[in-house]
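The lines below spell out each chain.
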Amino acid sequence: MPELQDGLPEILAHELRSPLNAIRWLAEVLRSADDDLSLDEIRRAMDSLLRNAGYMGSLLDSMMAEADAASPEIRMRPRPAKVDDVARKTVEDMAGVLHGRLVAVSVEGHTVTMADPERLHQALSALLVNAARCSPSGTPISVRVVGRPSVVEMAVADHCGGTSPNTPERLFERHSGLNHAGEGRGLGLFVARRLARAHGGDLRVSSDPSRGCRFVIALPRPAA
């Protein structure tokens, strides 16, 4: 896909920023905590460090492969994945990037489908960062995973106050430069939708002026 290859350095820099910030925050927590952390808390922090480092490595490998004109499509490694587990681990890994935001994860139904967990982590990370940047400081973010007969949905809702009626689809354009309110924004939503579509699904947005925006990644279940 030429548009990805042309903007590879920009996309790569954007996507590496969040896990790098998470690693820095976790390292600072471990350094300053001294004996205040339990063994379980230390292990969980180390697990998050390792997941973020592994994610950065896999992201570099996959994007370098995508830069090759012979393989322009996203490299996927689909396998049976429990989407709510991916959501919980992503929220935990992103704690240092979300600046203390309360992020509630709720689950309904059977959430296993064929997917690439690392790519889902990447897409959800982008949605969480977008929600944190676009909504007022201190407001909560919700992540809801719902298993339906033919699809598993993973939704991120914020309290940004909604978006203008003419804005929603433009949010996903790579060069739109818009946030929910029509102001400057990065590449996260463009990348997240591309990852959702690489799974055979999609990313859509709905807006409620009295609350905020709700981004939903729909992942199809394979035919029985």
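Residues numbered from 1 in each chain as written. Predicted model: local features only at pLDDT ≥ 70, side-chain atom pairs only at ≥ 80, totals over all residues. Heavy atoms only, no water.

1. With respect to the overall build of the protein
Link 1 in the chain: Each helix and strand counted, the protein has six helices and seven strands in total.
Link 2 in the chain: Beginning at the N terminus, the succession of helices and strands in the protein can be written as α-α-α-β-α-β-β-α-β-β-α-β-β.
Link 3 in the chain: By the burial criterion, 49% of the 224 residues in the protein qualify as buried.
Link 4 in the chain: Taking the contacts inside the protein whose residues are at least 6 apart along the sequence as the reference set, 72% of them involve residues at least 24 apart.
Link 5 in the chain: As displayed, the protein offers around 11,000 Å² of accessible surface, 54% of which is attributable to carbon and sulfur atoms. (Helix = DSSP H or I, 4+ residues; strand = E, 2+ residues; numbered from the N terminus. Buried < 20%, exposed > 50% of the residue type's maximum accessible area, 1.4 Å probe, protein only. Contact = heavy atoms within 4.5 Å. Areas by Shrake-Rupley, 256 points an atom, 1.4 Å probe, with all protein chains shown as cover.)

2. Focus on the sheet that holds strand 4 (residues 141–147)
Link 1 in the chain: In space, the five strands of this open sheet follow the order 2-4-5-7-6, with mixed pairing throughout. Because the sheet does not close on itself, it has two edges, and the strands there are strand 2 (103–108) and strand 6 (202–207). Taking the axes of each pair of neighbouring strands and ignoring which way they run, one obtains an average angle of 15° across the sheet.
Link 2 in the chain: Two strands pair when backbone bridges link them, and strand 5 (residues 151–157) and strand 7 (residues 213–220) are joined in this way by seven bridges, in the antiparallel orientation. Paired with Val 152 across the two strands is Leu 219, which belongs to strand 7.
Link 3 in the chain: Against the sheet, helix 5 (residues 117–134) contacts strand 2, strand 4, strand 5, strand 6 and strand 7, and its axis sits at roughly 25° relative to strand 5.
Link 4 in the chain: Along the sheet, helix 6 (residues 188–198) contacts strand 6 and strand 7; its crossing angle with strand 6, the most-contacted strand, is approximately 130°. (Pairing = 2+ DSSP bridges. Axes fitted to C-alpha atoms, helices over the stretch in contact; angles between N-to-C directions.)

3. Points about the nonpolar core
As a rule of thumb, nonpolar side chains are buried together in soluble globular proteins.
Link 1 in the chain: Of all hydrophobic cores here, the largest spans 43 residues; its most connected members are Leu 128, Met 154 and Phe 215.
Link 2 in the chain: Within the residue set of this core, elements represented by two or more residues are helix 4 (83–93), helix 5, strand 4, strand 5, helix 6, strand 6 and strand 7.
Link 3 in the chain: With 10 residues, the single largest contributor to this core is helix 5. (Core = buried A, V, L, I, M, F, W, Y, C linked by side-chain atoms within 4.5 Å.)

4. Some points on the pairing of strand 7
Link 1 in the chain: Counting buried positions over the eight residues of strand 7 gives six, a clear majority of the element.
Link 2 in the chain: Where strand 6 and strand 7 come together, six bridges link them in antiparallel fashion. When the bridges of strand 7 are listed, Leu 203 appears paired with Ile 217.
Link 3 in the chain: Linking strand 6 back to strand 7 in an antiparallel pair, the connection comprises five residues.

5. Overview of the packing of helix 5 against helix 6
Link 1 in the chain: Here helix 5 crosses helix 6 at 150°, and the two axes come no closer than 9 Å. In terms of orientation, helix 5 lies roughly antiparallel with respect to helix 6. Crossing geometry of helix 5 relative to helix 6 is assigned as left-handed. Contact residues: helix 5 offers Arg 119, Gln 122, Ala 123, Ala 126, Leu 127 and Asn 130, while helix 6 offers Gly 188, Leu 189, Val 191, Ala 192 and Leu 195. (Parallel < 35°, antiparallel > 145°, perpendicular 65-115°, else oblique. Left-handed = near helix turned anticlockwise from the far one by under 90°.)

6. With respect to the pattern of salt bridges
Link 1 in the chain: As enumerated under the stated definition, the model contains 10 salt bridges in all.
Link 2 in the chain: Across the pair Lys 82 and Asp 85 runs a salt bridge, and its minimum N-O distance is 4.0 Å.
Link 3 in the chain: Here Lys 82 falls in the partly exposed class, since its relative accessible area comes to 39%.
Link 4 in the chain: Among the ionic contacts, a cluster of salt bridges with common partners joins Lys 82, Asp 84, Asp 85 and Arg 88. (Salt bridge = Lys/Arg side-chain N within 4 Å of Asp/Glu carboxyl O.)

7. Quick look at the environment of Arg 221
Link 1 in the chain: Note on placement: Arg 221 falls in the segment after strand 7.
Link 2 in the chain: Considering only alpha carbons, one finds Arg 221 and Gly 201, 20 residues apart in sequence, at a separation of 9.5 Å.
Link 3 in the chain: When sequence neighbours within four positions are dropped, the list of residues in contact with Arg 221 reads His 110, Thr 111, Val 112, Thr 113, Gly 147, Arg 148, Pro 149, Ser 150, Val 151 and Val 152.
Link 4 in the chain: Reaching out from Arg 221, the side chain makes a polar contact with the backbone oxygen of His 110 at a distance of 2.2 Å.
Link 5 in the chain: A distance of 2.7 Å separates the side chain of Arg 221 from the backbone oxygen of Arg 148, its partner in a polar contact. (Polar contact = N/O pair within 3.5 Å; in protein donor to acceptor, adjacent residues only side chain to side chain.)

8. Focus: the confidence of the model for the protein
Link 1 in the chain: Taken over all residues, the pLDDT of the protein has a mean of 79, while the share at 70 or more is 75%.
Link 2 in the chain: For the stretch residues 177–186, pLDDT sits under 50, and the model shows 29 contacts to residues farther than four places along the chain or on other chains. (pLDDT = per-residue confidence, 0-100.)

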